[in-house]
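Summary of structural features
Residue-level listing of the chains:
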Amino acid sequence: MMRSNKPKKALRRRGKSFLFAARGIAFAVKTQPNFCFHLLAILLVTEFGLLYHLEKGQWGLLVVFFCLIPALELVNTALEAVVDLASPDYHPLAKAAKDCAAGAVLVAALGAVAAAVFLFGDPARLSIALGIFVTTPWMWCLLAAELIAAVVILLLPGKQSEHATPFFRKNQDKKEP
């Protein structure tokens, strides 16, 4: 009696789909400074949440934003790649598509900032958390490393395309002989 290979093939397909997803995330980390900036922000908010002793429901809200913002950055990156492939020359609709995708990330990020204001806005708890932070030497080292990472991320050149802005296109034309 022959055994069916279907379960192995299905498992292999699932494994490949996770590999493709990991490659997409790695691509975003390598090419998208904003994606890295959001990951760094997640780390900082997590540290602050630990110092603040957040409750389960508050962590749940943060986790939603921790997943939503990078996911939207990945969708934005994918959309930018498809638009660049489909329309290598400038087109107003291509620009509109890219601007709308970036706007979606911005809306989610502003929502996360608003949630953070509500979660971390209590002056008494904020004072306690900052006191713990200031009096803990390893927290200073961690903050220094994160600030260096933030500066590096902000200085990394982002990927620009024809659809970025008319200013970019004008400067691009001047560079070419």
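Above this text sits the structure in question.
Everything quoted here is computed from the prediction, not taken from an experiment. (Residues numbered from 1 in each chain as written. Predicted model: local features only at pLDDT ≥ 70, side-chain atom pairs only at ≥ 80, totals over all residues. Heavy atoms only, no water.)

Moving on to the overall build of the chain. When its secondary structure is counted, the chain shows 7 helices and 0 strands. Seen in sequence order, the chain has helices and strands lined up from the N terminus as α-α-α-α-α-α-α. The burial tally for the chain puts 27% of its 177 residues in the buried class. Long-range contacts, defined here as pairs at least 24 residues apart, represent 76% of the contacts in the chain between residues at least 6 apart. Looking at the chain as shown, the accessible area adds up to about 12300 Å², and 73% of this sits on carbon and sulfur atoms. (Helix = DSSP H or I, 4+ residues; strand = E, 2+ residues; numbered from the N terminus. Buried < 20%, exposed > 50% of the residue type's maximum accessible area, 1.4 Å probe, protein only. Contact = heavy atoms within 4.5 Å. Areas by Shrake-Rupley, 256 points an atom, 1.4 Å probe, with all protein chains shown as cover.)

Residues other than glycine seldom take positive phi values, yet His 53 does so here, at roughly 55°. Mapped onto the elements, His 53 comes out in the loop between helix H2 (33–52) and helix H3 (56–86).

Here the focus is a nonpolar patch on the surface. A cluster of nonpolar residues, Ile 25, Val 29 and Leu 39, forms a patch on the protein surface that exposes about 220 Å² of accessible area. Turning to its location among the elements, Val 29 is positioned in helix H1 (residues 6–31). The partly exposed category is assigned to Val 29, whose relative accessible area is 37%. (Patch = residues over 30% accessible without salt bridge, like charges linked within 9 Å, V, L, I, M, F, W, Y side chains within 5 Å. Salt bridge = Lys/Arg side-chain N within 4 Å of Asp/Glu carboxyl O.)

On the surface, Lys 8, Lys 9, Arg 12, Arg 13, Arg 14 and Lys 16 cluster together into a positively charged patch. By the secondary structure assignment, Lys 16 is in helix H1. On the basis of relative accessible area, Lys 16 is assigned to the partly exposed category, the value being 46%. (Lys, Arg positive; Asp, Glu negative; His and termini not counted. Charge placed at Lys NZ, Arg CZ, Asp CG, Glu CD.)

Pairing of side chains with opposite charge becomes possible as their charged atoms draw close. In total, this model carries 2 salt bridges according to the counting rule given. Its salt-bridge partner being Lys 98, residue Asp 84 comes within 2.7 Å of it at the nearest N-O pair. Remark: Lys 98 occurs in helix H4 (residues 92–120) and Asp 84 occurs in helix H3; sequence separation between them is 14 residues. One salt bridge connects Asp 99 with Lys 95, and the closest N-O pair in it is separated by 2.5 Å. Remark: Lys 95 and Asp 99 occur in helix H4; sequence separation between them is 4 residues, near one turn of the helix.

The exposure class of Lys 98 is buried, given its relative accessible area of 7%. At a separation of 2.7 Å, a polar atom in the side chain of Lys 98 contacts the side chain of Asp 84. (Polar contact = N/O pair within 3.5 Å; in protein donor to acceptor, adjacent residues only side chain to side chain.)

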